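Below are the chains, spelled out letter by letter.
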Amino acid sequence: MLTSRLFHPVDIKTMLELRKVGFRYTDKKRGGSFVINGFDLMVGEGEYVAILGRNAAGKTTLAKLIKGLLHPSSGEILVDGQTISPGEGGSHVGLILSNPDEQLLFPIVEEEMAFGLECIGVGREMIRKRITEYLGLLGMEQFLSFPLHFLSKCQQQRVAIAAVLVLEPNYLIIDEATSVLDPRWKGRFMSILSELNVTRKMAVIHFTTSVEDASYAHHILILESGEVTTKYIPAEISSLRSSLTEKGYCLPPVAELSLLLEQMGHPIPQGILTIEEMEMFLLSAMRD
Amino acid sequence: MIEVKHLTHIYNPGTPWEIKALEQISFRVVRGECLGIIGESGSGKSTLAQHLAGLLFPRLGSVLIDGANIYNAHGGREMRKRVGFIFQSPADQLFEESVFKEISFGLRQEKNLSSREIEERVRDVCRKLHPPLEDLMDRSPFELSAGERIMLAIASVLISKPEALVFDEPYAGLDPNNRSEILHQIEILHRNKKTLIILSNQSEGLIHLCDRVIFLYQGKIVAKGRLQEFLASGEIDRRVTDLLPPLTRMLIHLREKGIEVNPSLDTPSSVSLEIHRLLQKKGKN
């Protein structure tokens, strides 16, 4: 078992920490053995971690544990040095789920956006300002007065994302939230995350099945049957292509293309991860 | 076979929530053809799909099957049965307790079929699917994997022998392995001369499948034609390039920079072969 202390000395007061967290469901259907076992994780201010796992690896369970929607059967979870009690992830931790239906509570976009802010006591003027800012970030400002059921799945998910980001959480937990976004908004969402991670030092923990989504993070942890089995940094993805494929992960198109080209005898430099980098590399290879 | 004429759809007209989802859409699909309709979220795809399935009433413009309006008072209902519809999330159209009951639901409503005939027809449809559903007959539809659910949705539509099938985002939210299974299944339907309409937010996998494609942008058609010819031609509209798969986009950019490359490829394997060819040619010079 690896302890995931990602950056070096981090202050416990600005850190999210999971200490030997174990969890088992108690209901009849899923009850029994631990789905999460002795899980350790430390994520400090400004860190960006992707936790890559296939279906049933324990991703959603972990995401809900961190938000306080589930309570650990063993071990503890600390946010800024404070143990979280059941149902108390607090507004410092934001959680975006994969399906907007599970997340959205109100009939109107504006109500959905305002609810969390009202709960944490933000003033009326500030609420209006922040709603405009964050809806705008997700391209949804013109839908402020719209009933949510008039919107498409992708638009609903953008409202769900905006409604979490508007609370300006210090820690953002994302559980497979890009699957209902169309390609353009998926790309936009990934760059919004990177921006907020840099400008506001928001820590990001992204649970995903997609190697491509994971490659935006500073660190990638592989989760198998509730345990972290491997740690990577994104630049290593290219050298780990075959082992990831063997484990059943689908590679981003660029990584798959690099793998195939190497098999044909064309070495591709390690650092090439994005389509733009690949384009530049091929252009120079074909020209000189 | 299917014709859409000057179709305009406005949601909540005259209210503050008015949205013009479709504007003056016209196209035709001939029998046995596979048409791709590609547009991002909010482009009007799902609205168009619902019109094709007869779920929305066309107030402006019309939807015709073999020249007859599908909302004709006489036989409109029968006519709509000729087009099968596979929804974006197949769980929305599944409701029975077992796979067998789900597929046979439509047949069980018809009084003149014996239970034996029904069983034979169900088995027949399931055998033809790839992967076949035969071994899953007693399972609950809600225990199936995402890929199997789509197969089940396809089977329950095929059982009533529609002439045309409309797929709304057939592979949204699926992993690439499931996606290629669905594409393979659609290819088989195409080979069997079913008329197909596929609505998708990405053109991935559709380049070689569809005979023609239409690109929708904010409720309007911005480009249409044969995708391969279209990609081979020089200038491509930006709104269209954005909807192409990333590797295809990369090839288009390379061509714009003077590299002689065939951009009508979209899978890592086909693109790698094309690049291999170019790099080898370069090596020889």
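Here is what the cut-offs are and how they apply
- Residues numbered from 1 in each chain as written.
- Chains lettered and ligands numbered in written order.
- Predicted model: local features only at pLDDT ≥ 70, side-chain atom pairs only at ≥ 80, totals over all residues.
- Heavy atoms only, no water.
- Helix = DSSP H or I, 4+ residues; strand = E, 2+ residues; numbered from the N terminus.
- Rg over C-alpha atoms; globule rule 2.2 N^0.38 Å.
- Buried < 20%, exposed > 50% of the residue type's maximum accessible area, 1.4 Å probe, protein only.
- Contact = heavy atoms within 4.5 Å.
- Core = buried A, V, L, I, M, F, W, Y, C linked by side-chain atoms within 4.5 Å.
- 1 Å grid on protein atoms, 1.4 Å probe; cavity = no way out; pocket = protein on both sides within 12 Å on 5 of 7 lines; lining within 4 Å.
- Points joined across faces, edges and corners; volume = space filled by probe spheres on them.
- Nonpolar A, V, L, I, M, F, W, Y, C, P; charged D, E, K, R; others polar.
- Salt bridge = Lys/Arg side-chain N within 4 Å of Asp/Glu carboxyl O.
- Polar contact = N/O pair within 3.5 Å; in protein donor to acceptor, adjacent residues only side chain to side chain.
- Axes fitted to C-alpha atoms, helices over the stretch in contact; angles between N-to-C directions.
- Left-handed = near helix turned anticlockwise from the far one by under 90°.
- Pairing = 2+ DSSP bridges.
- Buried area = accessible area lost by both parts, 1.4 Å probe.
- Parallel < 35°, antiparallel > 145°, perpendicular 65-115°, else oblique.

> Help me understand the overall build of chain B in this model?
Looking only at helices and strands, chain B has 10 helices and 10 strands in total. What you see for chain B is a C-alpha radius of gyration of 21 Å, in line with the 19 Å of a compact globule of 285 residues. Expressed along its principal axes, the backbone C-alpha trace of chain B runs to roughly 75 × 50 × 35 Å. By residue count, 51% of the 285 residues in chain B fall in the buried class. By sequence separation, contacts in chain B at least 24 residues apart represent 60% of the contacts at least 6 residues apart.

> Would you explain the overall build of chain A in this entry?
Looking only at helices and strands, one finds 10 helices and 10 strands in chain A. Taking 19 Å as the expected radius of gyration for a compact globule of 288 residues, we find that chain A reaches 20 Å, a close match to that expectation. With respect to the three principal axes, the spread of C-alpha positions in chain A is 60 × 45 × 40 Å. Residue burial in chain A is summarised as follows: out of 288 residues, 50% are buried.

> Teacher, can you tell me more about the nonpolar core here?
Ranked by internal contacts, the top residues of the largest apolar core, which has 54 residues, are Met113, Leu165 and Leu244 of chain A. Counting residues per element, this core draws most heavily on helix α5 (residues 153-165) of chain A, which supplies 8 residues. Every residue in contact with Met113 of chain A, bar those within four places of it in the chain, is listed here: Ile131, Tyr134, Leu135, Val159, Ala162, Ala163 and Val166 of chain A. Ranked by size, the runner-up nonpolar core spans 50 residues in total, among them Leu94, Leu165, Leu174 and Leu231 of chain B.

> Explain empty space enclosed by the protein here, please?
Over the atoms rolls a probe the size of a water molecule, and its path tells where empty space is left. One pass over the full model with this rule turns up 2 cavities of 30 Å³ or more. Estimates place the volume of the largest cavity at around 50 Å³. Tallied by class, the residues present in the lining of the largest cavity amount to 2 nonpolar, 1 polar and 4 charged.

> Can you help me understand the pattern of salt bridges in this one?
For side chains of opposite charge, pairing can occur when their charged atoms come near one another. Under the defined criterion, the tally for this structure stands at 30 salt bridges over all chains. In this structure, Lys153 of chain A engages Asp101 of chain A in a salt bridge whose closest nitrogen and oxygen atoms are separated by 3.5 Å. Of this pair, Lys153 of chain A sits in helix α5 while Asp101 of chain A sits in helix α2 (residues 100-103), and the two are 52 residues apart along the sequence. Where Glu187 of chain B meets Arg191 of chain B, a salt bridge forms, and the shortest distance between an N and an O atom there is 4.0 Å. Of this pair, Glu187 of chain B and Arg191 of chain B both sit in helix α6 (residues 176-191), 4 residues apart, roughly one helical turn.

> Which parts of the structure should I look at to understand the side chain of Ser98 of chain B?
One can find Ser98 of chain B in the loop between β6 (83-86) and α3 (99-108). A distance of 3.1 Å separates a polar atom in the side chain of Ser98 of chain B from the backbone nitrogen of Lys101 of chain B.

> I'm lost on the packing of helix α10 (residues 275-287) of chain A against helix α9 (residues 246-256) of chain B in this one. Help?
In a pair of packed helices, the angle between the axes and the distance between the axes together describe the arrangement. Relative to each other, α10 of chain A and α9 of chain B sit at 35°, their axes nearing to 10 Å. Read as a crossing pair, α10 of chain A and α9 of chain B show a hand that is right-handed. When α10 of chain A is examined against α9 of chain B, the residues Ile275, Met278, Glu279, Leu282 and Leu283 of chain A are found in contact with a partner set consisting of Pro246, Leu247, Met250, His253 and Leu254 of chain B. Grouping the constituent residues of the contact of α10 of chain A with α9 of chain B by class yields 8 nonpolar, 1 polar and 1 charged.

> Quick question: what am I supposed to make of the sheet that holds β6 of chain B here?
Residue and element names in this part refer to chain B. Strands sit in the order β6-β7-β8-β3-β9-β10 across an open sheet of 6 strands; the sheet is mixed. The strands lining the two open edges of the sheet, one partner per strand, are β6 and β10 (220-225). Pairs of neighbouring strands in the sheet enclose a mean axial angle of 15°, with direction left out of account. Running at roughly 165° to β6, helix α5 (residues 146-158) makes contact with β6 and β7 (164-168) of the sheet.

> In this structure, what is going on with the interface of chain A and chain B? I would like to understand it.
Note: interface size is frequently given as the accessible area lost on complex formation between the parts. Chain A puts 30 residues into the contact, and the matching count from chain B is 28 residues. For the pair chain A and chain B, the two sides together bury roughly 2,800 Å², of which 71% comes from carbon and sulfur. Joining chain A to chain B, the criterion identifies 2 salt bridges. Measuring nitrogen to oxygen at the nearest pair gives 3.2 Å for the salt bridge that ties Lys257 of chain B to Glu279 of chain A. The interface formed by chain A and chain B includes 6 residue pairs in polar contact (both at pLDDT 80 or more). Those elements giving two or more residues to the side of chain A that touches chain B turn out to be α5, α6 (183-199), α9 (253-263) and α10 of chain A.

> I tried to follow the sheet that holds strand β6 (residues 93-96) of chain A on my own but got confused; where do I start?
Whether parallel or antiparallel, the strands of a sheet pair through hydrogen bonds between backbone atoms. Residues and elements named next belong to chain A. Here we have 6 strands laid out as an open sheet, ordered β6-β7-β8-β3-β9-β10, and mixed in their pairing. Across the chains shown, the open sheet's two edge strands, defined by having one partner strand only, are β6 and β10 (227-232). Put simply, the sheet's adjacent strands are angled 20° from each other on average, direction ignored. Examined bridge by bridge, strand β3 (residues 48-53) and strand β9 (residues 219-224) share 5 bridges and lie parallel to one another. Within β9, the position partnered with Val49 by the bridge is His219.

> Can you walk me through the packing of helix α3 (residues 109-119) of chain A against helix α4 (residues 124-137) of chain A in this structure?
All names here are of chain A. α4 packs onto α3 with a crossing angle of 125° between their chain directions and a minimal axis gap of 10 Å. If you check the angle between α3 and α4, you find them oblique. Both α3 and α4 take part in a crossing whose hand is right-handed. On α4, the residues that touch Val109, Glu110, Met113, Ala114, Leu117 and Glu118 of α3 are Ile127, Arg130, Ile131, Tyr134 and Leu135. Looking at side-chain class alone, the contact of α3 with α4 contains 8 nonpolar, no polar and 3 charged residues.

> What is the right way to look at the pairing of β7 of chain B in this model?
Consecutive side chains of a regular strand alternate in pointing toward one face of the sheet and then the other. Residues and elements named next belong to chain B. The buried fraction of β7 is high, at 5 of 5 residues. The alternating pattern of β7 places Ala164, Val166 and Asp168 and Leu165 and Phe167 on opposite faces, both of which are buried. Strand direction decides the pairing type here: β7 and strand β8 (residues 195-200), joined by 5 bridges, are parallel. The residue of β8 that forms the bridge with Leu165 is Leu196.

> Would you mind showing me how to read α9 of chain A here?
At 3.6 residues per turn, the α-helix brings residues three or four places apart onto the same side. By the burial criterion, the buried members of α9 of chain A are Pro253, Val254, Ala255, Leu257, Ser258, Leu259 and Leu261 of chain A. Structurally, α9 of chain A contributes buried residues whose contacts are with α7 (211-214), α8 (241-246) and α10 of chain A together with α9 and α10 (268-284) of chain B. Where α9 of chain A terminates, the next one or two residues include Gly265 of chain A, which has phi positive at roughly 95°.

> What is the right way to read the environment of Leu174 of chain B from this model?
All names here are of chain B. Positionally, Leu174 belongs in the loop between β7 and α6. By relative accessible area, Leu174 is classed as buried at 9%. Other than its neighbours up to four places away in sequence, Leu174 contacts Ala146, Gly147, Ile150, Arg179 and Ile182.

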